[in-house]
Amino acid sequence: MKHRVFSGARPTGKQHLGNYLGAIQNYVNLQEEYECIYCIVDVHALTTLEDTGGLQKNIYDMMLDWLSAGLDPRKSILFVQSHVPEVMELHTLLSMVTPLGWLLRVPTFKEKAKLQPQNINYGLVGYPVLMTADIVLYKAKVVPVGEDQLPHLELAREIARRFNNLFGNTFPEPEAKLTSFPLILGLDGKEKMSKQLGNDIELALSDEETIERVMTAVTDPARRYRNDLGHPEICNIYKLQEYFNPLKSSGIAEECRTAKIGCVECKMLLAQEINFTLKPFRERRATLANKPKYIAEVLADGAERARVIARETLREVKQKMGLT
Ligand code: SF4
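Please read these numbers as outputs of a predicted model, since none were measured by experiment.

*Asks:* Looking at this structure, I do not really get the site of the ligand. What am I missing?
*Replies:* Inspection of the region around the ligand gives T219, D220, R223, C235, I237, Y238, C256, C263 and C266 as its neighbouring residues. For the shell around the ligand, the elements supplying multiple residues, two or more each, are α10 (236-244) and α12 (263-289).

In structure tokens form, the structure reads like this:
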């Protein structure tokens with residue numbers, strides 16, 4: 001029997017290279033080995049969103065990119081968190097077994113509270129409980145995460161363990177599966193690639209737009225002039241060359257160190273390889289974008305399949321807690 005994988009991601013709209021290398025590719029590969037459940041966590045997004053006007057568009061764009069990148073609704077369950085309301089009920093029940101002190105200690109709660117002092121809502125502090133409910137509702141054994149998510153997963157394991165100790169063995173303790181390409185820096189060369197920071201390269205850009213974006217990237221600050229010797233090991237563009245241009249990357253590094261190649265030429269090589277790699281994605285995306293009902297059908301079918309598992313888990317949980 002295949003182990004079950006669960007992963008959720010906030011509805012951030014069109015996906016970028018950081019999403020692709022850090023998560024989506026991994027999602028696609030896991031489909032062959034595991035029973036995968038992938039969810040767009042719209043309720044989580046409400047903890048930081050005050051204006052929800054663009055939410056549905058973001059969900060649509062994100063799922064369009066996931067499907068175009070190779071997520072297959074025949075192999076995986078793909079759905080939107082709020083379409084399976086059982087998760088809210090399980091969240092409430094798990095909140096009764098989660099000590100408040102565990103949640104107040106979570107560093108991301110303190111960071112978020114600092115970032116939005118005008119909106120320190122309950123959802124911010126309860127976020128790890130809802131995340132635990134997302135995972136254990138499907139009794140997922142494996143959760144693909146980046147290193148920054150490890151503390152949250154550890155908390156989910158603790159909550160599951162506590163429930164099991166109090167009410168009998170119910171949930172498997174979810175294990176982390178670290179992605180092999182965890183941190184993609186943005187075009188600024190400093191921060192993680194992020195749409196909010198405006199340092200991203202969207203997957204759905206045209207070839208020309210991709211070249212324009214790559215040309216804006218910050219490179220090795222020591223290479224101010226064409227003849228300056230470079231340091232590829234600290235250059236963001238080189239990191240991407242290693243992924244998109246693996247056969248030529250060591251040669252590029254050597255040419256950079258000896259100033260045989262300039263940054264403009266190097267960036268152009270990278271942009272061409274990105275465009276080449278993403279060509280099938282972009283073609284699939286154009287085809288799927290012409291079938292607007294298809295995304296809604298995939299999500300409705302995914303929610304229905306997810307609810308079959310969710311109802312069964314919730315029935316078991318309520319019975320063990322003495323609620324039936
Ligand atoms: S030549 Fe390439 S690897 Fe070297 S500093 Fe310029 S962009 Fe970076």
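*Asks:* How should I be thinking about the pattern of salt bridges in this particular structure?
*Replies:* Between side chains of opposite charge, a pair can form as their charged atoms come close. Summed over all chains, the structure comprises 22 salt bridges. Between K141 and E175 there is a salt bridge; the shortest N-O distance is 3.1 Å. Placement of the pair is K141 in the loop between α7 (122-136) and β4 (142-145) and E175 in strand β5 (residues 175-178), with a sequence separation of 34 residues.

*Asks:* Where do I start with helix α4 (residues 86-95) in this structure?
*Replies:* Helical geometry: 3.6 residues make up each α-helical turn, so side chains three or four residues apart lie on a common side. Turning to α4, its buried residues number three or more, namely E86, V87, L90, H91, L93 and L94. Down the axis of α4, the smallest arc covering the buried residues is 165 degrees, so these residues share one side. On the buried face of α4, the contacting elements are α7, α8 (150-167) and α13 (292-320).

*Asks:* What is the right way to look at the pairing of strand β2 (residues 35-40) in this model?
*Replies:* A regular strand places its side chains on the two faces of the sheet in alternate fashion. β2 sits mainly inside the fold: five of its six residues count as buried. Judged from the six bridges that link them, strand β1 (residues 4-9) and β2 form a sheet pairing that is parallel. Looking across to β2, one finds that A9 is bridged to I40. A crossover links β1 with its parallel partner β2, the connecting element being helix α1 (residues 17-33), and its sense is right-handed. Taken together, the four bridges between β2 and strand β3 (residues 77-80) define a ladder with parallel strand orientation. Each bridged residue has a counterpart across the sheet, and for I40 the counterpart in β3 is V80.

About the thresholds
Sequence order as written defines the numbering, with residues in each chain counted from 1. In view of the model being predicted, local features appear only for residues whose pLDDT reaches at least 70, and side-chain atom pairs are presented and counted only at 80 or more, with totals across whole chains, interfaces and linings using the full set of residues. Only heavy atoms go into the side-chain values, all of them from the structure, while hydrogens and water stay out. Working definition: residue near molecule or strand if any one of its non-hydrogen atoms lies within 4 Å of it. Helix and strand definitions follow DSSP, with helices as H or I runs of at least four residues and strands as E runs of at least two, each counted in order from the N terminus. Here a salt bridge means any side-chain nitrogen of Lys or Arg lying within 4 Å of a carboxyl oxygen belonging to Asp or Glu. Three labels apply to residues, based on accessible area from a 1.4 Å probe with only protein chains included: buried if under 20% of the type maximum, exposed if over 50%, partly exposed otherwise in between. Regarding the arc, it is the one traced by the directions from the helix axis to the C-beta atoms. Two residues qualify as a contact provided that any one of their heavy atoms is within 4.5 Å of a heavy atom in the partner residue. Strands are labelled as partners when DSSP assigns at least two bridges between them. For the handedness criterion, the strands are oriented away from the viewer, and a crossover whose path from the first strand over the helix to the second runs clockwise is classed as right-handed.

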